[in-house]
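# Per-entry structural report
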Amino acid sequence: MLNKLSGWDDTIVALATPPGIGAIGVIRLSGNNAFSIVNDLFPAKDLNKQSSHTVHVGLINDNGENIDEVVVTLFKGPKSYTGEDVIEISCHGSPYVQQQVIHACIRRGARMARPGEFTQRAFLKGKLDLTQAEAVADLIASNTAASQKTALYNIHGGFSTILKELREQLISFSALIELELDFSQEDVEFADRPRFHELIKKAQLTTAQLLQSFRLGNVIKNGVSVAIIGKPNAGKSTLLNTLLNEDRAIVSEIAGTTRDTIEEVININGILFRLIDTAGIREHSTDVIELVGIEKSLEKMKSADVVLYIFDVNEMSKSDLDEVRAQFEKADKKYLLAGNKTDAIMPAFQRTTLINDSNIILISAKNNIGIDQIKNALFSLTVNEQPSSENMVVTNVRHFEALQQVSKSLTDIKAGLDNNVPGDLLALDIRHCLHFISEITGDISNEDVLDFIFSKFCIGK
Ligand SMILES: Nc1nc2c(ncn2[C@@H]2O[C@H](COP(=O)(O)OP(=O)(O)OP(=O)(O)O)[C@@H](O)[C@H]2O)c(=O)[nH]1
Ligand SMILES: [Mg+2]
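Residues numbered from 1 in each chain as written. Chains lettered and ligands numbered in written order. Predicted model: local features only at pLDDT ≥ 70, side-chain atom pairs only at ≥ 80, totals over all residues. Heavy atoms only, no water.

### Some thoughts on the coordination of the magnesium ion (ligand 2)
Our working rule: Metal-coordinating donors are taken as N, O and S atoms lying within 2.8 Å of the metal, or within 3.2 Å when the metal is Na, K or Ca; because water is left out, some sites can appear incomplete. Numbered from the N terminus, helices here are DSSP runs of H or I no shorter than four residues, and strands are runs of E no shorter than two. The rule is simple: take the accessible area with a 1.4 Å probe, protein chains only, and divide by the maximum for that residue type; under 20% is buried, over 50% is exposed, in between is partly exposed.
Note on the magnesium ion (ligand 2): its protein donors are Ser-237 (OG) and Thr-258 (OG1). The metal-donor distances range over 2.0 to 2.1 Å. Residue Ser-237 is found in helix H8 (residues 236-244), and its partner Thr-258 is found in the loop between H8 and strand E8 (262-268); the two are separated by 21 residues along the sequence. Here Ser-237 matches Thr-258 in class, with each residue buried.

Given below as structure tokens:
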């Protein structure tokens, strides 16, 4: 199936470093002709005679014209990233020089690599399975400690190992079942049913943990959106500015200052939180723009992962607050309540009711009081409460969806065992389950899925 894909025998070339001026630029070639192409441009030495994993300095000379002094690094297949012959040319970081070198390679028969083609070749050559290849893209895209850690763990095959174990166990059991079918006249049971029962239960537990970890995985990969909501003048924009440590949003004593939503990102303990400052919500506005702003605030509140509700402690009554709380509970929304302006004189009755309410964080956005508590609360509300099995966290939607199918087929297998269904039916369910596991690792894959996955890579990777 994979052989049908075109151009896999070509030698490919691409700039592996970002385009633009830099200290150096790395041009990478992979394929059967990588050595002969670069050799033709590199008069200093015969590269074909050099050992793999060595580095050589010399001029790149294109038909008598010197282009640049470069360093070439040689990787002979299969001991290379792609499994093919690979050469990396480190040239000076001028886009003009880089283009000249790439064109010289193309004139000698190389073609420009497609996005992700180096990694796709590594996958096709069996150097990486699909989850590892996807983790390469995740690592390149990682922008926090948590996303970097998960991606690196998966590049080293963390997730694949769990799936491989599961797969091997299912295969060995299914082999026994199939054997039984061959001897069906004799009414023998090779496959030890109670042991298999145990195995399925364990597999179900692993799958459930993996599925559960996706919520955390999603947080790690996509961050957490936090809508800052409250009445006009509660101090939403002030809180945004204090959390960001910069004057991002306009703050004024005029109620209705913020009209449009403002989004900014902060990093709390390695997780990205997208803070959304919104227009203050009040019931009796006649201002058209403000009304549009309020509409937007309500939308943001709905789609946010968490609502950070901020109120002026001098203005909010206990019953108003109870009503706010009830609304969030009813909508099953994660929320935090922040009582702001505690620096101003607080009426005595407010003081006692609010201080005794452990669900309310008392702050002064303007004076940077209670801000760390807000950060800690945001983190524990969205990250700490998520269970995770060891390091393993599912961050990829494709994996999540396939795991749901694995889980479903495990349920079918278990039901089959409980009801003593015939071996051939059991074998069918096991094959289903194996199919979905193999889909995750790429042992079974179709061209569209592969093209989709690798097209998201940058060129040169
Ligand atoms: N005393 C005191 N005043 C504050 C505090 N936080 C904000 N304020 C003041 O409250 C007023 C309103 O602040 P904003 O941050 O603009 O309030 P907002 O909720 O964004 O208001 P809108 O955008 O109009 O909905 C400003 O005058 C702030 O200086 C605080 O902790 N203490
Ligand atoms: Mg505002």
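### Focus on the packing of aromatic side chains
Given two aromatic rings, their pairing is described by the distance between the two centres and the angle made by the two planes. As a reminder, the rule being used: Working definition: rings of Phe, Tyr and Trp (its six-membered ring) pair if their centres are within 6.5 Å, and the pair is stacked with planes under 30 degrees apart, edge-to-face with planes over 60 apart, and tilted otherwise.
This structure, assessed with the given rule, holds five aromatic pairs. Look at Phe-123 and Phe-454: their rings are 6.2 Å apart centre to centre, the planes differ by 35 degrees, and that puts the pair in the tilted class. Remark: Phe-454 occurs in helix H15 (residues 447-455) and Phe-123 occurs in helix H3 (residues 117-124); sequence separation between them is 331 residues. Accessibility expressed as a relative area gives 1% for Phe-454, which makes it buried. Judged by centre distance (6.1 Å) and plane angle (65 degrees), the rings of Tyr-309 and Phe-328 are edge-to-face. Separated by 19 residues along the polypeptide, Tyr-309 in strand E10 (residues 306-312) and Phe-328 in helix H10 (residues 318-330) bring together distant segments of the chain. What makes Tyr-309 buried here is its relative accessible area of 7%.

### Re the side chain of Asp-429
Cut-off, in case you're wondering: Charge counting follows a simple rule: Lys and Arg are positive, Asp and Glu are negative, and His as well as the terminal groups are ignored. A carboxyl oxygen of Asp or Glu within 4 Å of a side-chain nitrogen of Lys or Arg is what we treat as a salt bridge. Every residue pair with non-hydrogen atoms within 4.5 Å of one another is taken to be in contact.
Assignment of secondary structure puts Asp-429 in helix H14 (residues 423-441). One buried charged side chain, Asp-429, makes no salt bridge at all; its nearest oppositely charged neighbour is Lys-408, positioned 8.2 Å away. Sequence-distant contacts of Asp-429, defined by excluding residues within four places in its chain, comprise Ser-409, Asp-412 and Ile-413.

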